[in-house]
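Coordinates in review
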Protein chains: 2
Amino acid sequence: MTAPTELQELRTLLAEISDLRGIEALLYWDQATYLPPKAGDGRSSQLATMAAAIHEKQTSPALGRLLDKLAPYAEQLPPDDDVRALIDVARYDFDRATRVPGPFMAELAAHTGHSYVAWAKARPANDFAAVQPYLEKTLDLSRRYAEYFPGYAHIADPLIDSADRGMTVADIQPVFAELEAELVPLVQAIVERDGPDDAILGKYYPEAGQWAFSLEVLAQLGYDFDRGRQDKTHHPFMIRLGHDDNRVTTRVDEHRLDGLLYSSVHECGHALYEMGTADTWRGTPVDSGTSSGIHESQSRLWENLVGRSRGFWEHFLPTLQGYFPEQLAGVDVDTIYGAVNTVRRSLIRTESDEVTYNLHVLIRFGLELDLLEGRLAVADLPAAWHERYQASLGVHAPSDVDGVLQDVHWYGGLIGGAFQGYTLGTIMASQFYAAALAAHPEIPDQIRAGQFDTLHTWLRTNIYARAQIHRQRTPGACHRRRPRSGALPRLFAEVSLGRCMGWMRDA
Amino acid sequence: MTAPTELQELRTLLAEISDLRGIEALLYWDQATYLPPKAGDGRSSQLATMAAAIHEKQTSPALGRLLDKLAPYAEQLPPDDDVRALIDVARYDFDRATRVPGPFMAELAAHTGHSYVAWAKARPANDFAAVQPYLEKTLDLSRRYAEYFPGYAHIADPLIDSADRGMTVADIQPVFAELEAELVPLVQAIVERDGPDDAILGKYYPEAGQWAFSLEVLAQLGYDFDRGRQDKTHHPFMIRLGHDDNRVTTRVDEHRLDGLLYSSVHECGHALYEMGTADTWRGTPVDSGTSSGIHESQSRLWENLVGRSRGFWEHFLPTLQGYFPEQLAGVDVDTIYGAVNTVRRSLIRTESDEVTYNLHVLIRFGLELDLLEGRLAVADLPAAWHERYQASLGVHAPSDVDGVLQDVHWYGGLIGGAFQGYTLGTIMASQFYAAALAAHPEIPDQIRAGQFDTLHTWLRTNIYARAQIHRQRTPGACHRRRPRSGALPRLFAEVSLGRCMGWMRDA
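**Some remarks on the sheet that holds strand E2 (residues 238–242) of chain A**
Strand pairs in the sheet, formed through backbone hydrogen bonds, run parallel or antiparallel to each other. Residue and element names in this part refer to chain A. Spatially, three strands are ordered E1-E3-E2 in an open sheet, and the strand pairing comes out mixed. With partners counted over all chains shown, the strands left at the sheet margins are strand E1 (230–232) and E2, one partner each. For this sheet, the mean inter-axis angle between neighbouring strands, taken without regard to orientation, is 30 degrees. Summarising the sheet, E2 and strand E3 (residues 245–250) pair through four bridges and their orientation is antiparallel. Its bridge partner being in E3, Ile239 is matched across the sheet by Arg247.

**Notes on the relation of the copies chain A and chain B**
Here chain A sits on chain B after a turn of 180 degrees about the axis and a move of 0.0 Å along it, with an RMSD of 0.0 Å. These values place the two chain copies in the arrangement generated by a two-fold rotation axis. Both copies contact each other with a shared surface, as 100% of the interface residues of chain A are interface residues in chain B too.

**What to know about the interface of chain A and chain B**
Frequently, the measure chosen for interface size is the accessible area that the parts lose on association. Taken together, the 33 residues of chain A in the interface contact 33 residues of chain B. Of the roughly 2700 Å² buried where chain A meets chain B, counting both sides, 57% is carbon and sulfur surface. Where chain A packs against chain B, one counts six salt bridges. With a shortest N-O distance of 2.8 Å, Asp30 of chain B and Arg247 of chain A are connected by a salt bridge. Counting across the interface, chain A meets chain B through twelve residue pairs in polar contact (both at pLDDT 80 or more). Here the side of chain A that touches chain B is composed, by residue class, of 13 nonpolar, six polar and 14 charged.

**A short note on the side chain of Gln406 of chain A**
All names here are of chain A. Mapped onto the fold, Gln406 is located in the loop between helix H15 (381–393) and helix H16 (420–439). For Gln406, a relative accessible area of 3% translates into the label buried. One polar contact links the side chain of Gln406 to the main-chain carbonyl oxygen of Asp402, over a distance of 3.0 Å. Beyond its immediate stretch of four places on either side in the chain, Gln406 contacts Trp119, Arg123, His235, Leu347, Ile348, Arg349, Arg364, Trp385, Tyr389, Asp400 and Val401.

**Looking at the pairing of E3 of chain A**
All names here are of chain A. Burial within E3 is extensive, with six of its six residues counted as buried. Both faces of E3 are covered, namely the face carrying Asp245, Arg247 and Thr249 and the face carrying Asn246, Val248 and Thr250. Judged from the three bridges that link them, E1 and E3 form a sheet pairing that is parallel. In the strand pairing of E3, Lys232 is matched with Thr250. Two successive antiparallel strands, E2 and E3, enclose a turn made up of two residues.

**Remarks on the confidence of the model for chain A**
Model confidence for chain A is summarised by a mean pLDDT of 90, while 92% of its residues fall at 70 or above. Per the prediction output, this complex has pTM 0.91; the corresponding ipTM is 0.90.

**Observations regarding the pattern of salt bridges**
Residues and elements named next belong to chain A. Inspection of every chain in the model, using the stated rule, returns 68 salt bridges over all chains. Residue Asp231 pairs with Arg229 through a salt bridge whose shortest N-O separation is 2.9 Å. Residues Asp231 and Arg229 agree in their burial class; the two are buried. For Arg364, the salt bridge goes to Asp407, with nearest N and O atoms at 2.5 Å. Here Asp407 lies in the loop between H15 and H16 and Arg364 lies in helix H14 (residues 354–373), a separation of 43 residues in the sequence. Accessibility expressed as a relative area gives 0% for Arg364, which makes it buried. Residue Asp407 is classed as buried on the basis of its relative accessible area of 6%.

**With respect to the sheet that holds strand E3 (residues 245–250) of chain B**
Residues and elements named next belong to chain B. Read across the sheet, three strands follow the order E1-E3-E2 without closing on themselves; strand pairing throughout is mixed. Edge positions in the sheet fall to strand E1 (230–232) and strand E2 (238–242), since each has one partner strand and no second. Strand-to-strand twist of the sheet, defined as the mean angle between neighbouring strand axes without regard to direction, takes the value 30 degrees. Where helix H10 (residues 258–275) meets the sheet, it contacts E1, E2 and E3, and its direction lies at approximately 165 degrees from that of E3.

**Overview of the environment of Ser44 of chain B**
Residues and elements named next belong to chain B. Its location among the elements puts Ser44 in helix H2 (residues 40–58). In this view, Ser44 contacts Ala110, Gly113 and His114; residues no more than four positions away in its chain are not counted. There is a polar contact of 3.1 Å between the side chain of Ser44 and the backbone nitrogen of His114.

**Remarks on unusual backbone geometry**
Of note, the phi angle at Asn126 of chain A is positive, near 50 degrees, even though the residue is not glycine. Looking at where Asn126 of chain A falls in the secondary structure, it is placed in the loop between helix H5 (102–122) and helix H6 (128–147).

**Concerning the environment of Ala85 of chain B**
Residues and elements named next belong to chain B. Relative to the helices and strands, Ala85 resides in helix H4 (residues 82–99). Judged by relative accessible area, Ala85 falls into the buried class, the value being 0%. Taking the C-alpha atoms as reference points, Ala85 and Gln468, 383 residues apart in sequence, are found 8.1 Å from one another.

**As for helix H9 (residues 207–221) of chain B**
Residue and element names in this part refer to chain B. In a regular helix each residue adds 1.5 Å, so 15 residues correspond to 21 Å; H9 covers 21 Å between its end C-alpha atoms and thus fits that length. Restricting attention to buried positions, one finds in H9 the residues Gly209, Gln210, Trp211, Phe213, Ser214, Val217, Leu218 and Leu221. For H9, the secondary structure elements touched by its buried residues are E1, E3, H10, helix H11 (292–306), helix H12 (310–323) and helix H18 (453–462). Just downstream of H9, Gly222 is the residue with a positive phi angle, here 120 degrees.

**Some thoughts on the packing of helix H9 (residues 207–221) of chain A against helix H10 (residues 258–275) of chain A**
All names here are of chain A. Two elements in contact, H9 and H10, have axes separated by 10 Å at closest approach and are oriented at 30 degrees. If you check the angle between H9 and H10, you find them roughly parallel. In terms of crossing hand, the pair formed by H9 and H10 is right-handed. Across the interface between the two elements, Gln210, Trp211, Phe213, Ser214, Val217, Leu218 and Leu221 of H9 pack against Leu260, Leu261, Ser264, Val265, Cys268 and Leu272 of H10. Across the contact of H9 with H10, the residue classes tally to ten nonpolar, three polar and no charged.

How each quantity is defined
Residues numbered from 1 in each chain as written. Chains lettered and ligands numbered in written order. Predicted model: local features only at pLDDT ≥ 70, side-chain atom pairs only at ≥ 80, totals over all residues. Heavy atoms only, no water. Pairing = 2+ DSSP bridges. Helix = DSSP H or I, 4+ residues; strand = E, 2+ residues; numbered from the N terminus. Axes fitted to C-alpha atoms, helices over the stretch in contact; angles between N-to-C directions. Least-squares fit on C-alpha atoms with pLDDT ≥ 70 in both. Contact = heavy atoms within 4.5 Å. Buried area = accessible area lost by both parts, 1.4 Å probe. Salt bridge = Lys/Arg side-chain N within 4 Å of Asp/Glu carboxyl O. Polar contact = N/O pair within 3.5 Å; in protein donor to acceptor, adjacent residues only side chain to side chain. Nonpolar A, V, L, I, M, F, W, Y, C, P; charged D, E, K, R; others polar. Buried < 20%, exposed > 50% of the residue type's maximum accessible area, 1.4 Å probe, protein only. pLDDT = per-residue confidence, 0-100. Expected span 1.5 Å × (residues − 1). Parallel < 35°, antiparallel > 145°, perpendicular 65-115°, else oblique. Left-handed = near helix turned anticlockwise from the far one by under 90°.

Have a look at this one:
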């Protein structure tokens, strides 16, 4: 059956939306990198105008009519057909968009713009009071957003669905509970024994050398600087401005060697995913990563399973020593390998080790539910934060800077749906990596020799190139798609997720 | 008479357009500063989509109805009323926009995006052939654009009008002819005598020092880095992304001291104008510089009348010597002052001295007319360029890099209307400056002492704050608005424009 002419018309409308979303992404990228200090209000207004313009296109009656016409055609296609996937995803996006009024989207965009600016100012000043009213409005907007999707089982479900289609609180909570039950005693056991020492990471490492090293690492891992770039920001992120424009950001601490590097590699993992989507679907909604969870599986895979492996440092230590010959004189592979895998009762999620990392995520996920359910007031959030950290990790942040103000998510977006992907992704990362190793047992040796191509190609073929085409094929939870490719010791059963952490891989 | 409710509705629609135009400006800024090499096609598509979205808003029937309803109200207001100016400018913009179809605007935006990318690649490669087809299409689009405004006296008039409302070829040609008749023998006379030596500018000046010095100069001149920033680009420009976001760009040549500095100061002059508009009209079309000519009068004023004055160097030489103590050891004020005012048969417009500068502009203006009138084919443009330079300036560029490929204008926009503003602005700059000196004779002494406030305040009050509100009050040629504030020796009569050049001011 030949494709109806409506398919081309659909692609024209989708390409417009895709352009506008790329433009919106540029507004956010610029806001977080180069925007002049006093331009925040103007930018918020631009974001609101842009959100309204996008919403208008996303909900246009012409688009709805096309999708209606294409429905019978799609139904005749095999379930795993790519065009069927495209039509399905376009329909899903249209249905979601039409539920939420345009003025709400504009109000949300303007508010999150203002809120981001307030956070960027309040964080260095340790001033939670300054962001509290913004956060209260964010919570109100988040609840209102959820109400546009009546019939949910949990108020967070519509918010989670927008990041991880098909996932619900009911899916996530048992997985997280199981994980927490394993992790808390595990952290306790690890910190009580003599672990490796990370003092070497705390010397003075000037920015220029850290920056140049990170660029070299990214280039070797396969990041294409002709289709992206790296800049500095408050809170690292990767953003897709277009099929050939996938930018990463990182931040600098001259008194800590691993912060910039692992943020860089993490965002690079996201970017490799986006850079690897097939050219065929350029300008359509399937030409981008499929969900927050799958996305994080790629960032966490490169950050941890590759970046914290012994092989990685066998290859990269000499290069790093070239940048910092004095600071790293006489340091051997075991020392740096141990240092970047040190486990401690950490305060900062993005800089935490692999074992404690998921506890940070679980705390945030739990707080999001409490806020949305009305069990926790925004005013009480800092105290609740400290209380949970004490219970789960046994630490108390000296201030809100390293407490409730540390992550940008709630200050530049909605509350709900922002965090579960990190842990789902971490779990999937181990599973994907195990599948790659099953197919190519030579990968670790290659990494040791500075060759990342086999792994990259496996990921491109099996994950990147399919992008959101995966979505349609497995409606429902993305994490159910985990490969089960053999009895590898590293691929742990679902009942022992606590041991599924990458840190144990070659420790 | 109280303002009708339609006025507020008008401002709401205009604010949306203003936001979208600011977003479009960000797309251009990013394209010229940080866009990854392979993202050019995607950006062109985004520019086209954005142009169509803006055109849709600019020509919306709702806007037309509001303007119709407001017309009788505007007519009752005094001719110099600000609200009347706003309504007039909005009407003018609406009428212009509705003459040009949206798809044409999208095609133009996409084409100029591609053309800019081709130019950025072709210029370093000295490859005119690579851009020739783009330029041919640009010429075709320029002619088609003009045809949407039938009834013109000259095909360039509609194009000139979009930059300098009310100006025509018939207005400009006599002024330029007179100027050329004076300038050609003047250049001849100057280069034949012994002039100052600029060897000092050609030493090796590392980028970091040049960059830091330029930032210091801009800050002292009054550029507000909370409402703007400076970045590197191929061809320097200033761009307004919003009322509080006015960015400048410059470029670096480590073997030439004055290129970065004077580009910076030139763009700073544009930015001071935009930064000085009154807050009252934020989000409306009158909240921006009024015309290309008036804009260039501000950039040229700061670049030349201030930046190349002896007083400027009395103040800034010690600072510059702090950045380059070895290169500038023993250099005195007269040496640097002479060096930055050296007149020679120059090849590059943006780096030329004040005397030859306008000859560069006149050559381009003449070529634009020849192209538009069909008297010159794009294929013959490089040869025509060399011929004109030989006749007018007595030089022949060694390649097209410093010939027809040197300026971005024709490669990133239309042919026609791009250049006349530079010379009109240069003329007006002297006249505005003379008026400022008549009001405040202490200005030169203040500059010598590093105080730029009095001049800045005079410009803000008399020019910046009025922005486009000037437009309505004097329909017709902007250059007719030149102040005639006394018999100052520096304010030359219209018949001897050749001597109206700032360079003679204190030479």
